[in-house]
Amino acid sequence: MAIVLTVLFYPLLVSLALGLEMLATTALVSAVVLVWCLAWIGLELLWEWQTERDST
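All values reported here derive from a predicted model rather than from experimental measurement.

Side note on the overall build of the protein
Item 1. Regarding its fold elements, the protein presents 2 helices and 0 strands.
Item 2. For 56 residues, the compact-globule estimate of 2.2 N^0.38 gives 10 Å, and the protein exceeds it by more than 25% at 16 Å.
Item 3. A total of 56 residues make up the protein; the buried ones form 12% of that total.

What to know about unusual backbone geometry
Glycine aside, the phi torsion of most residues is negative, and most peptide linkages are trans.
Item 1. Even without glycine at this site, E21 takes up a positive phi of about 50°.
Item 2. Along the chain, the position of E21 falls in the loop between α1 (2-17) and α2 (24-55).

As for a nonpolar patch on the surface
Item 1. Together, M1, V4, L5, L8, F9, L12, L16, L43, L46 and W49 make up a nonpolar patch on the protein surface, roughly 1000 Å² of accessible area in all.
Item 2. Of all the secondary structure elements, the ones that give two or more residues to the nonpolar patch are α1 and α2.
Item 3. No other element matches α1, which puts 6 residues into the nonpolar patch.
Item 4. Looking at the element boundaries, L8 is found in helix α1.

Looking at α2
Item 1. When the terminal C-alpha atoms of α2 are compared, their 47 Å separation across 32 residues agrees well with the 46 Å that a helix rising 1.5 Å per residue should span.
Item 2. Among the residues making up α2, those that are buried are A24, L28, A31 and A39.

Description of the environment of L18
Item 1. Mapped onto the elements, L18 comes out in the loop between α1 and α2.
Item 2. Separated by 11 residues in sequence, L18 and V29 place their C-alpha atoms 13 Å apart.

Parameters at a glance
Residues numbered from 1 in each chain as written. Predicted model: local features only at pLDDT ≥ 70, side-chain atom pairs only at ≥ 80, totals over all residues. Heavy atoms only, no water. Helix = DSSP H or I, 4+ residues; strand = E, 2+ residues; numbered from the N terminus. Rg over C-alpha atoms; globule rule 2.2 N^0.38 Å. Buried < 20%, exposed > 50% of the residue type's maximum accessible area, 1.4 Å probe, protein only. Patch = residues over 30% accessible without salt bridge, like charges linked within 9 Å, V, L, I, M, F, W, Y side chains within 5 Å. Areas by Shrake-Rupley, 256 points an atom, 1.4 Å probe, with all protein chains shown as cover. Salt bridge = Lys/Arg side-chain N within 4 Å of Asp/Glu carboxyl O. Expected span 1.5 Å × (residues − 1).

All quantities given are derived from atomic positions and should not be read as evidence of function.
Shown next as structure tokens:
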């Protein structure tokens, strides 16, 4: 999921990061890590909600 979102939004991320010059790569990596973490948390919450729903 994070890979798909990164591929979809990569041109936007690059255009936003180019204005940061020397920090551009740091901004790109930070954005990818943020997307990865948010996807992980979202899937974890979805999994927990689904297992709780199935147990009742």
